[in-house]
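What follows is the residue order along each chain.
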There are 2 protein chains.
Amino acid sequence: MKTRIISGAVIAVVTAVLLILKGWVLFAACYLLSLMGVYEFFKGFRVMNINPCYPIAVGSITVLYGIAALGKNGVDFLRGDMSGWMMAWLFATVVACLLYLFKIEKRKPEDSMATITGIVYVGFFFYHLAAIGMLDGYSIFVWMVMITAFVTDTSAYFAGVFFGKHKMTPVISPKKTWEGAAGGVIGTIIVSGLFGLFFMNDHIVDCMIIGLIGAVISMFGDLTASIFKRKMGIKDYGNLIPGHGGILDRFDSVLFTAPVIYYYIVLVIGA
Amino acid sequence: MKTRIISGAVIAVVTAVLLILKGWVLFAACYLLSLMGVYEFFKGFRVMNINPCYPIAVGSITVLYGIAALGKNGVDFLRGDMSGWMMAWLFATVVACLLYLFKIEKRKPEDSMATITGIVYVGFFFYHLAAIGMLDGYSIFVWMVMITAFVTDTSAYFAGVFFGKHKMTPVISPKKTWEGAAGGVIGTIIVSGLFGLFFMNDHIVDCMIIGLIGAVISMFGDLTASIFKRKMGIKDYGNLIPGHGGILDRFDSVLFTAPVIYYYIVLVIGA
């Protein structure tokens with residue numbers, strides 16, 4: 001328990017520093033965390049006798065960040081002039097994963113499909129955190145990614161402890177209750193609203209809407225990771241962070257909240 | 001044999017009409033062919049006891065074409081103002097496929113991963129043919145998609161019959177030879193150059209380069225489909241076209257040549 005608290009505090013401090021620095025520092029951190037996350041994800045598949053190709057994932061994610069770094073507007077190549085490259089990246093990535101099957105005696109479609117899934121689910125999803133950190137005038141929204149991921153978790157935990165009665169997902173994650181989920185959503189909306197009040201006065205309502213959507217998607221992110229781990233027959237993706245498991249165990253919700261917030265900023269607010 | 005020739009001729013005529021009409025007609029045809037192609041692809045997986053979710057694929061591909069149709073610049077939302085939606089589409093598609101796992105007792109990661117793979121490999125790849133057909137001033141390049149796919153096939157066949165000696169892929173596709181492959185590439189470059197000469201005088205060299213790259217990628221497209229079918233334990237994806245198999249059997253190379261040509265036009269020529 002003591003280890004868990006200490007390492008939790010260390011993560012919180014490191015994360016806070018990365019979010020304050022934003023820009024290229026966060027960009028580099030996201031790149032490294034993606035590579036580590038995909039590694040953990042693929043290790044889980046090996047337990048199921050599915051063998052994704054890690055070098056293709058490293059190559060693909062490196063190209064993703066590479067094009068972004070070289071692109072116009074700093075890194076924002078999800079949109080605008082660089083977006084053709086983004087779609088070409090998706091095409092080339094999937095082709096590379098399919099060509100992996102050419103050693104037909106050794107490999108099976110599941111190996112390719114797991115490679116594709118890992119690159120998109122971990123690499124592409126996580127990339128959105130880096131992209132938010134580079135958005136002119138909106139990079140402070142990186143904090144919303146963490147609020148929706150971690151405040152949801154924490155407030156759901158306490159709401160569950162005090163009011164929890166009705167099991168939500170008895171099979172996937174037996175401790176979760178509907179009361180906890182409701183508490184998670186309400187807590188996140190409140191904290192998001194307060195964050196807006198203090199740091200983004202023009203966008204208080206946007207923050208609360210993000211809090212609502214983000215809290216819900218954050219739980220889906222958490223449950224998705226739980227399902228994968230259950231199916232893989234593992235308890236945690238890794239043991240890098242003492243008491244907290246691996247990178248993916250800690251950031252499973254971030255994978256889902258970062259893209260939702262990115263697209264909210266870009267497509268709804270219209271940054 | 002007679003059936004095969006007749007139905008081959010019918011396909012050739014229908015394809016030619018679609019390519020001449022281009023624009024929205026080709027767009028609608030690509031949409032329907034994608035849905036049929038994904039259906040065949042998923043049916044193959046079921047033989048392997050993998051159960052992808054067809055409704056998610058239909059929904060995702062419909063949204064892909066829907067956003068494209070509603071978007072600015074007609075359909076070209078791979079680039080420019082609509083591109084944010086494109087990336088959001090990829091995110092939402094993958095999330096939907098992962099949420100499919102929530103019925104945890106009934107489903108396994110392979111089901112989700114096959115759904116993702118089918119949507120991207122068939123739906124997204126094939127979409128590029130529709131996108132080329134909508135490119136201002138460059139829509140005539142839809143013909144290059146067919147030339148690279150079908151001239152490669154045909155000239156490789158005849159070169160193989162006359163000069164074939166050294167087996168290329170004895171395990172995947174035992175009849176293919178290196179001499180046939182070389183003939184396929186050379187034949188395609190020649191036909192592409194002639195096509196450029198007659199129809200795109202400004203782009204003869206581009207056509208020949210596309211012929212070269214397209215012929216190679218076309219063979220990879222063909223072999224990829226062969227590998228999937230081998231692993232699924234089926235001979236053809238379908239029997240819709242008498243003597244030719246299903247949609248995917250006929251268009252396996254187009255899946256690979258269409259995106260390559262689209263990105264060549266957009267990123268290299270800079271349309």
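All of these numbers come straight from a predicted model, not from anything done at the bench. (Residues numbered from 1 in each chain as written. Chains lettered and ligands numbered in written order. Predicted model: local features only at pLDDT ≥ 70, side-chain atom pairs only at ≥ 80, totals over all residues. Heavy atoms only, no water.)

Novice: Got a minute to help me understand the interface of chain B and chain A in this structure?
Specialist: The accessible area lost on association of the parts is a frequent measure of interface size. Listed as interface residues are 50 residues of chain B and, on the opposing side, 50 residues of chain A. Interface area, chain B with chain A, both sides summed: about 4,600 Å², of which 87% is carbon and sulfur. Summed over the shared surface of chain B and chain A, the result is zero salt bridges. Linking chain B with chain A are six residue pairs in polar contact (both at pLDDT 80 or more), by the criterion used here. (Contact = heavy atoms within 4.5 Å. Buried area = accessible area lost by both parts, 1.4 Å probe. Salt bridge = Lys/Arg side-chain N within 4 Å of Asp/Glu carboxyl O. Polar contact = N/O pair within 3.5 Å; in protein donor to acceptor, adjacent residues only side chain to side chain.)

Novice: How do you make sense of the state of the cysteines when you look at a structure like this?
Specialist: Disulfides are covalent bonds that link the sulfur atoms of two cysteine residues. All names here are of chain A. In this structure the tally under the stated criterion is zero disulfides over all chains. Its sulfur unpaired, C30 is 20 Å from the next cysteine sulfur, which belongs to C207. The cysteine C97 is free of any disulfide, with C53 supplying the nearest cysteine sulfur at 7.6 Å. (Disulfide = S-S within 2.5 Å.)

Novice: When you look at the packing of aromatic side chains in this model, what are you seeing that I'm missing?
Specialist: By convention here, two paired aromatic rings are described through the distance between centres and the angle between planes. Taken as a whole and assessed by the stated rule, the structure comprises 54 aromatic pairs over all chains. Among the aromatic residues, those joined into a ring-pair cluster are F41, F45, W89, Y121, F124, F125, F228, Y237, F256, Y262 and Y263 of chain A together with F91 of chain B. (Phe/Tyr/Trp six-rings, centres within 6.5 Å; stacked < 30°, edge-to-face > 60°.)

Novice: Sorry if this is basic, but what is going on with empty space enclosed by the protein here?
Specialist: Where empty space is left can be seen by rolling a probe of water-molecule size over the atoms. Residue and element names in this part refer to chain B. Applying the stated criterion across every chain yields a total of one cavity of 30 Å³ or more. Space inside the largest cavity adds up to approximately 30 Å³. Lining the largest cavity, in full, are L33, S34, G37, V122, F126, I247, L248, F251 and L255. Those elements that place two or more of their residues in the lining of the largest cavity are α2 (23–47), α5 (109–133) and α9 (247–269). A class-by-class count of the residues in the lining of the largest cavity yields seven nonpolar, two polar and no charged. (1 Å grid on protein atoms, 1.4 Å probe; cavity = no way out; pocket = protein on both sides within 12 Å on 5 of 7 lines; lining within 4 Å. Points joined across faces, edges and corners; volume = space filled by probe spheres on them. Helix = DSSP H or I, 4+ residues; strand = E, 2+ residues; numbered from the N terminus. Nonpolar A, V, L, I, M, F, W, Y, C, P; charged D, E, K, R; others polar.)

Novice: Explanation requested: the pattern of salt bridges in the structure shown.
Specialist: Pairs can form between side chains of opposite charge once their charged atoms are near each other. Evaluation of the coordinates by the stated rule reveals eight salt bridges over all chains. Between D222 of chain A and K176 of chain A there is a salt bridge whose closest N-O contact spans 3.5 Å. Here D222 of chain A, found in helix α8 (residues 204–232), pairs with K176 of chain A, found in the loop between α6 (142–163) and α7 (178–199); they are 46 residues apart in sequence, far enough to count as distant. Overall, the relative accessible area of 13% leaves D222 of chain A in the buried class. For D111 of chain B, the salt bridge goes to K108 of chain B, with nearest N and O atoms at 3.0 Å. Take D111 of chain B: its relative accessible area is 2%, and that puts it in the buried class. (Buried < 20%, exposed > 50% of the residue type's maximum accessible area, 1.4 Å probe, protein only.)

Novice: How do you make sense of the relation of the copies chain B and chain A when you look at a structure like this?
Specialist: Each of the two chain copies can be generated from the other by rotation about an axis followed by a shift along it. Expressed as a screw operation, the relation of chain B to chain A combines 0.0 Å of axial shift with a rotation of 180 degrees, fitting to an RMSD of 0.0 Å. Expressed as an axis order, the relation between the two copies is that of a two-fold axis. Counting the interface residues of chain B, we find that 100% of their copies in chain A are interface residues as well, pointing to one common contact surface. (Least-squares fit on C-alpha atoms with pLDDT ≥ 70 in both.)

Novice: Help me understand α9 of chain B in this model?
Specialist: Residues that lie three or four places apart on an α-helix share one face, since the helix turns once every 3.6 residues. Here α9 of chain B contains 23 residues, and its C-alpha end-to-end distance of 31 Å stays within 8% of the 33 Å for a straight helix at 1.5 Å per residue. The largest bend along α9 of chain B measures about 35 degrees and falls at S253 of chain B. (Expected span 1.5 Å × (residues − 1). Bend = angle between axes of the 7 residues up to and from the residue.)

Novice: What should I look at first to understand the confidence of the model for chain A in this one?
Specialist: The predicted coordinates of low-pLDDT regions are not to be read in fine detail. For chain A, per-residue confidence averages 89 on the pLDDT scale, and 95% of positions sit at 70 or higher. Across the whole predicted complex the pTM is 0.93, and at the interface the ipTM reaches 0.93. (pLDDT = per-residue confidence, 0-100.)

Novice: Please explain the environment of Y121 of chain A as it appears in this structure.
Specialist: Position of Y121 of chain A relative to the elements: it lies in helix α5 (residues 109–133). Once the C-alpha coordinates of Y121 of chain A and F41 of chain A are considered, the two residues, 80 residues apart in sequence, prove to be 9.8 Å apart. Setting aside its immediate chain neighbours within four residues, Y121 of chain A contacts F41, T224, A225, F228, L255 and F256 of chain A together with L98 of chain B.

Novice: How should I be thinking about the packing of α6 of chain A against helix α9 (residues 247–269) of chain A in this particular structure?
Specialist: Geometrically, a packed helix pair is captured by the angle between its two axes and the distance between the axes. Residue and element names in this part refer to chain A. Direction vectors running N to C along α6 and α9 enclose 135 degrees, while the axes themselves pass 8 Å from each other. The angle between the axes of α6 and α9 places the two elements in the oblique class. Between α6 and α9 the crossing geometry is right-handed. In this structure, α6 uses M144, V145, M146, T148, A149, F150 and D153 to contact α9, whose residues at the interface are R250, F251, S253, V254, T257, A258 and I261. Taken together, the residues of the contact of α6 with α9 sort by class into nine nonpolar, three polar and two charged. (Axes fitted to C-alpha atoms, helices over the stretch in contact; angles between N-to-C directions. Parallel < 35°, antiparallel > 145°, perpendicular 65-115°, else oblique. Left-handed = near helix turned anticlockwise from the far one by under 90°.)

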